[in-house]
Amino acid sequence: YWNGYGWTTVQNGNVFNNNRTVFKLTFSAVTTTAVRVVVNNAQANYSRIVELEVWGSGTSNYIMPSSNSKGFK
């Protein structure tokens, strides 16, 4: 997540050798303005993230991700 100065990994956020169909990562609440997921060494060089949910409170402003958005490459 973005801590205001740089990218920080959430608690237990580094996942290795995952081959499960469903994987749920739960961690303590953080306050942020941006979230990113980095996939390295995916099977057959193809990442398979089907759904990513970010929960929080307060006002929500949905922004369609693009290659120019912070955190998306």
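The written sequence of each chain sets the order in which its residues are numbered from 1. The predicted origin of the model limits local features to residues at a pLDDT of at least 70 and limits the giving and counting of side-chain atom pairs to 80 or more, whereas totals for whole chains, interfaces and linings rest on all residues. Calculation of side-chain values draws on the structure's entire complement of heavy atoms; hydrogens and water are dropped beforehand.

Draft legend 1. The arrangement of the overall build of the protein chain in detail. The secondary structure content of the protein chain amounts to zero helices and zero strands. The contact definition used throughout considers only heavy atoms, calling two residues in contact when any of these lie within 4.5 Å. The contacts in the protein chain between residues at least 6 apart in sequence include a share of 50% that link residues at least 24 apart. Carbon together with sulfur atoms contributes 49% to the accessible area of the protein chain, which is approximately 7,300 Å² in total. Strands are runs of DSSP state E lasting at least 2 residues, helices are runs of H or I lasting at least 4, and numbering of each runs from the N terminus. Per-residue and other accessible areas were derived by the Shrake-Rupley procedure at a 1.4 Å probe size, with only the shown protein chains allowed to occlude residues.

Draft legend 2. Spatial organisation of unusual backbone geometry. Unusually for a residue other than glycine, Asn12 sits at a positive phi of about 60 degrees. Residues other than glycine seldom take positive phi values, yet Asn45 does so here, at roughly 60 degrees. Under the relative-accessibility criterion, Asn45 is labelled exposed at 74%. Categorising residues by exposure relies on relative accessible area from a 1.4 Å probe, with only protein chains included: less than 20% of the type maximum marks a residue as buried, more than 50% marks it as exposed, and the intermediate range marks it as partly exposed.

Draft legend 3. Quick peek at a nonpolar patch on the surface. Patch members must show over 30% relative accessible area and no salt bridge, and they are joined within 9 Å when carrying like charges or within 5 Å when they are nonpolar side chains of Val, Leu, Ile, Met, Phe, Trp or Tyr. Any Lys or Arg side-chain nitrogen located within 4 Å of an Asp or Glu carboxyl oxygen qualifies as a salt bridge. A surface patch of nonpolar side chains, amounting to about 510 Å² of accessible area, comprises Val35, Val37, Val39, Ile49, Leu52 and Val54. Note on Leu52: relative accessible area 54%, which makes it exposed.

Draft legend 4. Layout of the environment of Asn3. Of the residues examined, Asn3 reaches a relative accessible area of 38% and is grouped as partly exposed. Separated by 29 residues in sequence, Asn3 and Thr32 have C-alpha atoms that sit 6.1 Å apart. Between N or O atoms, a polar contact is any pair within 3.5 Å; within protein, one atom must be a potential hydrogen donor and the other a potential acceptor, and residues adjacent in sequence are included only when both atoms are from side chains. Of note is the side chain of Asn3, whose polar atom sits 2.8 Å from the backbone nitrogen of Tyr5. Looking at Asn3, its side chain comes within polar contact range of the main-chain nitrogen of Gly6, at 2.8 Å.

Draft legend 5. Representation of the environment of Thr8 within the structure. Given the relative accessible area of 27%, Thr8 is considered partly exposed. For the pair Thr8 and Arg36, spaced 28 residues apart in sequence, the C-alpha to C-alpha distance is 9.7 Å. Setting aside residues no more than four positions away along its own chain, Thr8 makes contact with Tyr1 and Asn3. In this structure the side chain of Thr8 is engaged in a polar contact, spanning 2.9 Å, whose partner is the side chain of Asn3.

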